[in-house]
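Residue-level listing of the chains:
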Amino acid sequence: MAKTKSVFVCQNCGNESAKWVGKCSACGEWNTYVEEVVLTGKSKNPTSFFSDSPQKPQKLTEIELRPEVRMNSGNSELDRVLGGGVVPGSLVLVGGDPGIGKSTLVLQVSLTLKNKTILYVSGEESLQQLKMRAQRVGKDDSECLFLSETSIEKILHHAQQTSPDLLIIDSIQTMVTERVESSPGSVGQVRECAGLILKYAKASQTPVILIGHINKEGSLAGPKVLEHMVDTVLQFEGDKNYMYRILRAIKNRFGSTSELGIFEMQQNGLREVLNPSELLLSSEHEGLSGVCIAAALEGMRPFLIEVQALVSTAVYGTPQRSSTGFDLRRMNMLLAVLEKRMGFKLGTRDVFLNIAGGIKVNDPGIDLAVLSAVLSSSVDKAANAKTAITGEVGLSGEVRSVSRIDQRIAEAEKLGFESIIIPKSNLKSVTFKTKTIRVIPVQQVKEAFQILFQD
Ligand code: TYD
Ligand code: MG
């Protein structure tokens, strides 16, 4: 008979302890220990190391390289983020806030894949709900198999029977295994279930997509080991008030982590956005003060975004500084540069900054556009609307070089801009052959202002 053993496991980091403790000695969190009962089989034979293993250590020259066959998911944005399609036997974890569209994304992939057997297991929704959602996204005649189940043993049994080309599990936090007696979603359950799925994926070479919840701090719920176990971690993010969703690779054993997929949530599901700039730019900014267009880069993708600033006289003693979509501390630093190096006094004025479209930009290459927008609003003079801007700003008011300058220029040209202001230090690395756009190199913030605000 199998013996049962009880251990206390930290729900934050997965550290184990024989007795309950208030503070985890590994991660320092309080009140995170929960009792978990583990079924143990026969005690392990300590001499098992010495038994013959089918695998032998090999030299690189002896290892045969098989051609990599990736499965196209039928969704170009997802394929891009995965690094060119789904790798056989790989485990992909898709995380994101509740309601962001994780289930919709994987459902749409399952419904559009042709001539493949797909097993979609949902522990969160009933078959009725799945059918309703499939009808909503407009495809209910697909060959995809659906299962509403939470027992991992039963799921793997069905998977073995149907041997799907792709297995989808929505979500890992609702799955339970008989081997652990704690409740679904606890560290022990998540770890055991993921372990069993991993074993199945590697043995049968079936790719598996797992959906994972994230906690209120924004990281994936469950043990950190989950992220180590899987091959790829994708994060689905976006502001719920806006329709854009960004799929980002946080970890990828089979591709780069700087790729980005962009979607738009519509009435009938997610739509791939192949040209993000067109969505983010409104054409109505001509002649308005406080608006500048930045050629930014998120991941590997260039896009043009509208930076909006509003500078007004502070009503209260302390002026307000607020920023949406851009780091507030960085904005404060840029304002200090404007004050110290350019002599614009903003000490008694409120400054509000907004990146239109509800996206967050981490690229320092939009610094110059931020400063220009603030200045434009401050003096109430519209910047040249046909000029895009790119450049990082240093503390002494110098314009510093940015990465991937060619892509930024190409994107601005594609969208019909007449000119683009770039850092002078970037000029020698420009290899892009411009056709219609004029490239204006600048060394100091001042020079950029002269170009943007000349009549
Ligand atoms: P869902 O995929 O259930 O999110 P998750 O699995 O990440 O929790 O997405 C649900 C949200 O998406 C819900 O608020 C409604 C919206 N939605 C649409 O706007 N259009 C659609 O076609 C679908 C299916 C969902
Ligand atoms: Mg869901």
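Here the structure is a predicted model, which means the values were calculated and not measured.

Caption draft 1: Spatial organisation of the site of ligand 1. Close to ligand 1 lie 15 residues; Gly-99, Ser-103, Thr-104, Gln-266 and Gly-269 are nearest. At 3.0 Å, a side-chain N or O of Arg-133 approaches an oxygen atom of ligand 1. The contact in question runs from a nitrogen atom of ligand 1 to an N or O atom on the backbone of Gln-266, over 2.7 Å. Burial of ligand 1 by the protein amounts to 75% of the accessible area it has alone, namely 560 Å². Only α2 (102-112), α3 (127-136) and β11 (260-266) provide two or more residues apiece to the shell around ligand 1. At three residues, α2 tops the list of elements feeding residues into the shell around ligand 1. Of the residues belonging to the shell around ligand 1, the class tally is three nonpolar, eight polar and four charged.

Caption draft 2: Quick peek at the nonpolar core. Residues Ile-305, Ile-359, Ile-366 and Leu-368 are the most contacted members of the largest nonpolar core, which totals 48 residues. Looking at this core element by element, the count peaks at seven residues for helix α9 (residues 367-379). Those residues within four positions of Ile-359 in sequence are excluded, and the remaining contacts are Tyr-244, Ile-246, Leu-280, Phe-303, Ile-305 and Gly-325. Among the nonpolar cores identified, the runner-up in size contains 31 residues, and Leu-78, Leu-82, Val-94 and Phe-263 belong to it.

Caption draft 3: Structural detail: the sheet that holds strand β8 (residues 208-213). If you trace the nine strands from one edge of the open sheet to the other, you get β6-β5-β7-β8-β4-β9-β10-β11-β12, paired in mixed fashion. The sheet is open, and its two borders are formed by β6 (145-148) and β12 (269-272), each paired with just one other strand. Adjacent strand axes in the sheet meet at a mean angle of 25 degrees when their direction is disregarded. As judged from the four bridges shared by strand β5 (residues 118-122) and β6, these two strands associate in the parallel manner. Considered in β6, the bridge of Ser-122 is made with Ser-148. Docked against the sheet, α3 engages β5 and β6, running at close to 140 degrees with respect to β6.

Cut-offs applied
- Residues numbered from 1 in each chain as written.
- Chains lettered and ligands numbered in written order.
- Predicted model: local features only at pLDDT ≥ 70, side-chain atom pairs only at ≥ 80, totals over all residues.
- Heavy atoms only, no water.
- Near = heavy atom within 4 Å.
- Polar contact = N/O pair within 3.5 Å; in protein donor to acceptor, adjacent residues only side chain to side chain.
- Areas by Shrake-Rupley, 256 points an atom, 1.4 Å probe, with all protein chains shown as cover.
- Helix = DSSP H or I, 4+ residues; strand = E, 2+ residues; numbered from the N terminus.
- Nonpolar A, V, L, I, M, F, W, Y, C, P; charged D, E, K, R; others polar.
- Core = buried A, V, L, I, M, F, W, Y, C linked by side-chain atoms within 4.5 Å.
- Buried < 20%, exposed > 50% of the residue type's maximum accessible area, 1.4 Å probe, protein only.
- Contact = heavy atoms within 4.5 Å.
- Pairing = 2+ DSSP bridges.
- Axes fitted to C-alpha atoms, helices over the stretch in contact; angles between N-to-C directions.

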